[in-house]
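Architecture and fold: a report
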Amino acid sequence: QNLIVAARALGLGTVFTTFHMMCGPELPQLLGLPEGHRIQVTIPMGWPEGKFGPVARRPVGEVIHWDRF
């Protein structure tokens, strides 16, 4: 989360992804991960090609629920 916030402040785009799990055993071997370790998430980062403006978020009252839905 902090990495993504910091990247955004620098104009970089990021995303949480588990796409690496489709690579099978090749990726951990390539990276030299010790046995018993696995990658849970990857966060690709780069300069956006298109428009990268302010984020539109719903008001907090629409997404937070307190003691009921």
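Let us look at the structure shown here.

The rules behind the values
- Residues numbered from 1 in each chain as written.
- Predicted model: local features only at pLDDT ≥ 70, side-chain atom pairs only at ≥ 80, totals over all residues.
- Heavy atoms only, no water.
- Phe/Tyr/Trp six-rings, centres within 6.5 Å; stacked < 30°, edge-to-face > 60°.
- Lys NZ or Arg CZ within 6 Å of the ring centre and 35° of its normal.
- Salt bridge = Lys/Arg side-chain N within 4 Å of Asp/Glu carboxyl O.
- Buried < 20%, exposed > 50% of the residue type's maximum accessible area, 1.4 Å probe, protein only.
- Helix = DSSP H or I, 4+ residues; strand = E, 2+ residues; numbered from the N terminus.

Topic: the packing of aromatic side chains
This structure, assessed with the given rule, holds zero aromatic pairs. The positively charged end of Arg8 is found above the aromatic ring belonging to Phe52, 4.0 Å away from the centroid.

Details of the pattern of salt bridges
Throughout the structure, instances matching the rule amount to one salt bridge. With a shortest N-O distance of 3.4 Å, Arg58 and Glu62 are connected by a salt bridge. What makes Arg58 exposed here is its relative accessible area of 54%. Relative accessible area serves as the criterion here: at 45%, Glu62 is assigned to the partly exposed category.

Some points on the environment of Lys51
When you line up the elements, Lys51 lands in the loop between strand 2 (45–46) and helix 3 (60–63). Between the C-alpha atom of Lys51 and that of Glu62, which follows or precedes it by 11 residues, the distance is 27 Å.

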